[in-house]
Every structure is written in C-alpha cells, then in structure tokens.
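Structural characterization, general
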Amino acid sequence: MKTFSQFLDESNRRAQIASKQGRESKSGAKSGKSKLKSDVKMIGIPGSGKSTMAKRLAKATGGTRYGFDDARKDEYGDHTVQGDIHKVKKRTYDTLAAAPKDKPRILDNTNVNKQFKKSTDDELKKDAKFGKTISVSPDTSNRAAFRRNRRREKPVPKFVMRQFMKPQGDATRRTKEGQQAIQKGRELTKRFRLNRRSARARLGIENPKRGKA
C-alpha cells in the first residue's frame, strides 16, 4: 500500500510529465470536464431547485448567475418585493450583459411560462446579449417542489404555485421545452457532478440537522 507521500510524489510526477507534453493532467476534481459554450435559461416552478442548480453550475463553469430575485434584492433590499418589473428586468439583463461572454451567463428566473417565452427569449438576445441559449430545469417532482416551498422562510403562496401547474403556466413536465430542459439538466448534473456534496455537507456542518442519529 502506498504512503501518502508516495501518492503525492506520483501525482506530481504525472503532472510534470503532462506539462512537458503540453497537456493538462487528467487527475483532479475537474478532469473530463469541457467548457459549457451556451448561455443558460433556468426554468421550473418555485421550490424545484433552480437556484441551487444554477449556483452549482456557475461555480463549476466559472459562469455568472443572476436572476430577477437577485435584482429585487439589490434594488429594494428584499427579493420578495415585486417592485417595478421594468427596473428588475433592466438590472438583471444589464448584469448578465456585462458578464464575461466566454463563460456561460445563467438567467436564474422563477419561471418562464409559455405565454412569455418568446418575449423573454427576445429580451435575452437583445438586452442581455445572450448567444446560443439552452433551457435547463432540475428533475424535481411537483410534490417535492411544493414541500420545499413550504419550508422557505417566505414561501410562495399556494394559489400562485397552482397557477404554475396550469397549461398556461409553467407546467414544465407537460411541455416539449420543459421535458428537454429536464433532460439537459440531467446531462449537466452528470457532466459537472452538480449533485456532489461538499465535505462540509457530508459532515453535517452546512445543515446541522443532517448527520445526526
């Protein structure tokens, strides 16, 4: 069995060889990952885990994540304040437009329903300067989303949640785009290991309720 020092020596040796050959070592947490060349539009109902996935995706790719709730918090000091939607949109799109274009820009929005899909896509291209854009959604059941929403400090009202489930609402799982977004979410989760828990999370430090007998 190799000692820890022997393991480090071997890892350093492999890295030196790889460097001389003009390539990166395949060892490490980011091995096998390629850059994400598309910008991202998150979709799904409240509580589905969009923000969590968007944050992890931004961290894994070095991209920029921003959404309407972030704009509301920056503009009004509270993400639950609806405020002036025009100001909220402008702040969101200006922030994303100013972000580096060689890495993905991620719109973390509560929901982009069928009724406003085209206008939102047009705004992303015109105002946020998005290029090729993919829709991404977490693979979360509606029941789980409702349960997560109830646990929030300021949950979205039930009647609003139900509106998202109607055909004219988000209804992610019942639309072609929604199904494709869920599939894309699965692919990115696997590709960038977005479900991998940190050491702090495994030890129950990030969530003290976990890990207890």
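Residues numbered from 1 in each chain as written. Predicted model: local features only at pLDDT ≥ 70, side-chain atom pairs only at ≥ 80, totals over all residues. Heavy atoms only, no water.

Observations concerning the overall build of the chain
Helices and strands together make up the secondary structure of the chain, namely 9 helices and 4 strands. Along the chain, from the amino end to the carboxyl end, the secondary structure elements read α-β-α-β-α-α-β-α-β-α-α-α-α. A buried classification covers 35% of the 213 residues belonging to the chain. Long-range contacts, defined here as pairs at least 24 residues apart, represent 71% of the contacts in the chain between residues at least 6 apart. Accessible area for the chain stands at about 14,300 Å²; split by element, carbon and sulfur atoms hold 50% of it. (Helix = DSSP H or I, 4+ residues; strand = E, 2+ residues; numbered from the N terminus. Buried < 20%, exposed > 50% of the residue type's maximum accessible area, 1.4 Å probe, protein only. Contact = heavy atoms within 4.5 Å. Areas by Shrake-Rupley, 256 points an atom, 1.4 Å probe, with all protein chains shown as cover.)

Section: the side chain of Thr61
Structurally, Thr61 can be placed in helix α2 (residues 50-61). In this structure Thr61 comes out as buried when scored by relative accessible area, which is 15%. Of note is the side chain of Thr61, whose polar atom sits 3.3 Å from the backbone nitrogen of Gly63. The residues touching Thr61, leaving out its near neighbours within four places in the chain, are Leu36, Lys103, Pro104 and Phe192. (Polar contact = N/O pair within 3.5 Å; in protein donor to acceptor, adjacent residues only side chain to side chain.)

Quick notes on a positive patch on the surface
A cluster of basic residues, Arg143, Arg147, Arg148, Arg150, Arg151, Lys158 and Arg162, forms a positive patch at the surface. Residue assignment for the positive patch shows that the elements contributing at least two residues are α6 (142-150) and α7 (158-165). Here the element with the most residues in the positive patch is α6; it accounts for 4 residues. You can see Arg147 is positioned in helix α6. (Patch = residues over 30% accessible without salt bridge, like charges linked within 9 Å, V, L, I, M, F, W, Y side chains within 5 Å. Salt bridge = Lys/Arg side-chain N within 4 Å of Asp/Glu carboxyl O. Lys, Arg positive; Asp, Glu negative; His and termini not counted. Charge placed at Lys NZ, Arg CZ, Asp CG, Glu CD.)

Things to note about the environment of Lys103
As for its position among the elements, Lys103 is in the loop between α4 (85-98) and β3 (105-108). According to the relative accessible area criterion, Lys103 is partly exposed, its value standing at 38%. Residues Lys103 and Ser38, 65 residues apart in the sequence, show an inter-C-alpha distance of 8.0 Å. Ignoring sequence-local partners within four residues, the contact set of Lys103 consists of Asp39, Thr61, Gly62 and Gly63.

Some remarks on the packing of α6 against α7
The geometry of α6 relative to α7 is characterised by a closest axis approach of 12 Å and an angle of 155° between their N-to-C directions. Between α6 and α7, the interaxial angle falls into the category roughly antiparallel. Crossing angle aside, the handedness with which α6 passes α7 is right-handed. Each of Asn142, Ala145, Phe146 and Asn149 in α6 lies in contact with α7, whose residues at this interface are Met161, Arg162 and Met165. (Axes fitted to C-alpha atoms, helices over the stretch in contact; angles between N-to-C directions. Parallel < 35°, antiparallel > 145°, perpendicular 65-115°, else oblique. Left-handed = near helix turned anticlockwise from the far one by under 90°.)

Regarding the confidence of the model for the chain
With 71% of its residues at a pLDDT of 70 or more, the chain shows a mean pLDDT of 81. When pLDDT is averaged over each helix and strand of the chain, the minimum, 55, is found for helix α9 (residues 199-202) and the maximum, 97, for strand β2 (residues 64-66). The low-confidence segment residues 22-33, where pLDDT is below 50, has 9 contacts with residues more than four positions distant or belonging to other chains. (pLDDT = per-residue confidence, 0-100.)

Re the nonpolar core
By size, the foremost hydrophobic cluster in this structure holds 13 residues, and its most contacted members are Leu36, Val40, Met42, Leu57, Ile106, Val136 and Leu188. Residue assignment for this core shows that the elements contributing at least two residues are β1 (39-42), α2, β4 (133-136) and α8 (176-192). Ranked by the residues each element gives to this core, the list is headed by α2, at 4 residues. Leu107, Leu124, Ala128 and Phe130 belong to the second-largest nonpolar core, a separate cluster that totals 10 residues. (Core = buried A, V, L, I, M, F, W, Y, C linked by side-chain atoms within 4.5 Å.)

So, the sheet that holds β4
Read from one edge of the open sheet, 4 strands run β2-β3-β1-β4, paired in parallel fashion. One side of each edge strand has no neighbouring strand; the edge strands of this open sheet are β2 and β4. Across the sheet, the mean angle from the axis of one strand to that of its neighbour is 20°, orientation sign disregarded. In this sheet, β3 lies alongside β1 in parallel orientation, the contact comprising 3 bridges. Bridge assignment links Lys41 to a residue of β3, and that residue is Leu107. Packing against the sheet, α2 makes contact with β1, β2, β3 and β4, and its axis sits at approximately 170° to β3. Where helix α3 (residues 68-76) meets the sheet, it contacts β2 and β3, and its direction lies at approximately 70° from that of β2. (Pairing = 2+ DSSP bridges.)

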